[in-house]
Amino acid sequence: MVENLTSEVRQELKEAREAKGYSFEQLAEITKIQPKFLKAIEEDDTDVLPSPFYTRAFAKKFAKAVGLNPDDLFEEVEFDPYVSSDLSYAHRDDDGVVRAGTSSSESMKSRFRGWIPKIWLLIILIAILGVVWFVITRMSGGNGSSSNDTVQVASSSVPQSSSVVSSSSANTLKLENPQTDTTNKKTTYNVSNALTQSHKLVAKGQNGDTTLKVTDGTGKVLFNKTVTKDAEESVDLSANTASITITAGQISHVALTLNNTHVDVPNLPTGATVWNVLVNFSK
């Protein structure tokens, strides 16, 4: 609702205008106030009306024009005659109609006052986010440190000799007594104490390019591509992989290592090209 204009006051203005038989256009001729402002006063249309400062002044002229006493009318709603009479920012256009003016300083102050709640809301929101971030950071730091402490205690409870043996056995394989089958072009290695460990196969190109395919005991293809000269490719073998078969298109063009141990292919027949290396892992 427009400041200091109750629904009762607006109803009295409307009834007085209708009693006089004035349209808004006729009333505008008398008051020199635009019809849209007069209509907005009756209908409490705040989107059309100027500031309350000028709305009260327009309402006073409206009341006088329809035969009402503004002082009596607005006394009920504490109408301020000093405010209503201050039209220092109003102006008369070329068409003779008085239109409300605005003070740039008052307008800036009004805008700033309107922004104050939003600024406070933004400050509060930033503060809340800061507190949430601080709590999450502290909790994460506490969990991390607790986790680290647990790991340290657990690792310290493992005997040192046992740790050394496990590391040594995981990185070292004994590739002994290879068996060569020239008919099937295959070299076989049987490796004990290696089934439950993970392994890493590395193939490095030498002398030229070669196709290389690696499959496990179930026939699953773990690697299948061309290894170019001087290129290095690796294949990770998960624990409990029972066996792998390495098939090289040109066996002399690739050097193989398993857990940093060279995989030798002895007793190759003259002119051998395609060759298979079978590695069986057992407990």
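The residue numbering used here restarts from 1 in each chain and proceeds along that chain's sequence as written. Selection of residues for local features in this predicted model requires a pLDDT of at least 70, selection of side-chain atom pairs for listing and counting requires 80 or more, and totals for whole chains, interfaces and linings are taken over all residues. As a rule here, side-chain values come from all non-hydrogen atoms in the structure, and water together with hydrogens is ignored.

Draft legend 1. The arrangement of the overall build of the chain in detail. Helix and strand labels come from DSSP, where a helix needs a run of H or I of at least four residues and a strand needs a run of E of at least two; each type is numbered from the N terminus. Regarding its fold elements, the chain presents eight helices and twelve strands. The buried label applies to any residue whose accessible area, calculated with a 1.4 Å probe on protein chains only, is under 20% of its type's maximum; exposed applies above 50%, and partly exposed to all values in between. A buried classification covers 31% of the 283 residues belonging to the chain. By definition in these notes, contact holds between two residues if any of their heavy atoms fall within 4.5 Å. Contacts in the chain between residues at least 24 apart in sequence constitute 66% of all its contacts with a sequence separation of at least 6. With an accessible surface of roughly 17700 Å², the chain has 52% of that area assigned to carbon and sulfur atoms. All accessibility values rest on the Shrake-Rupley procedure with a 1.4 Å probe; residue burial counts only the protein chains present in the view.

Draft legend 2. View of the packing of helix H2 (residues 24–31) against helix H4 (residues 52–65). Fitted lines through C-alpha atoms serve as axes, helices being fitted only where they are in contact, and the angles separating the N-to-C directions of these axes extend from 0 to 180 degrees. Interaxial distance between H2 and H4 falls to 10 Å at its minimum, and their mutual angle equals 100°. In terms of orientation, H2 lies roughly perpendicular with respect to H4. Across the interface between the two elements, Leu27, Ile30 and Thr31 of H2 pack against Lys61, Phe62 and Ala65 of H4. Any angle that is under 35 degrees is reported as roughly parallel, and any over 145 degrees as roughly antiparallel; angles of 65 to 115 degrees are reported as roughly perpendicular and all others as oblique.

Draft legend 3. Fine view of the nonpolar core. By convention a nonpolar core is built from buried Ala, Val, Leu, Ile, Met, Phe, Trp, Tyr and Cys residues, the set being connected through side-chain atoms within 4.5 Å. Counting 28 residues, the largest nonpolar core has Ile244, Ile246, Leu258, Val277, Val279 and Phe281 as the members making the most contacts within it. Counting residues per element, the ones that place at least two in this core are strand S4 (186–191), strand S5 (199–205), strand S6 (210–216), strand S7 (221–227), strand S8 (232–237), strand S9 (243–248), strand S10 (254–258) and strand S12 (275–281). Of all the elements, S12 adds the most residues to this core, at four residues. Grouped together as the second largest cluster of nonpolar side chains are 20 residues, Leu5, Phe24, Leu27 and Ile33 included.

Draft legend 4. Examining a negative patch on the surface more closely. Every patch collects residues that have over 30% relative accessible area and no salt bridge, joining them within 9 Å if they carry like charges and within 5 Å if they are nonpolar side chains (Val, Leu, Ile, Met, Phe, Trp, Tyr). Salt-bridge detection follows one rule: a side-chain nitrogen of Lys or Arg within 4 Å of a carboxyl oxygen of Asp or Glu. His is not counted, nor are the chain ends; Lys and Arg add positive charge and Asp and Glu add negative charge. In this description, the location of a charge corresponds to atom NZ of lysine, CZ of arginine, CG of aspartate or CD of glutamate. Together, Glu8, Glu12, Glu15 and Glu18 give the surface a local cluster of negative charge. Its location among the elements puts Glu12 in helix H1 (residues 7–20).

Draft legend 5. Layout of unusual backbone geometry. One non-glycine residue, Lys185, adopts positive backbone phi at about 50°. Even without glycine at this site, Asn267 takes up a positive phi of about 60°. Looking at the element boundaries, Asn267 is found in the loop between strand S11 (261–262) and S12. Assessed through its relative accessible area of 60%, Asn267 is described here as exposed.

From the geometry alone we can't say anything about function, so treat these as descriptive.
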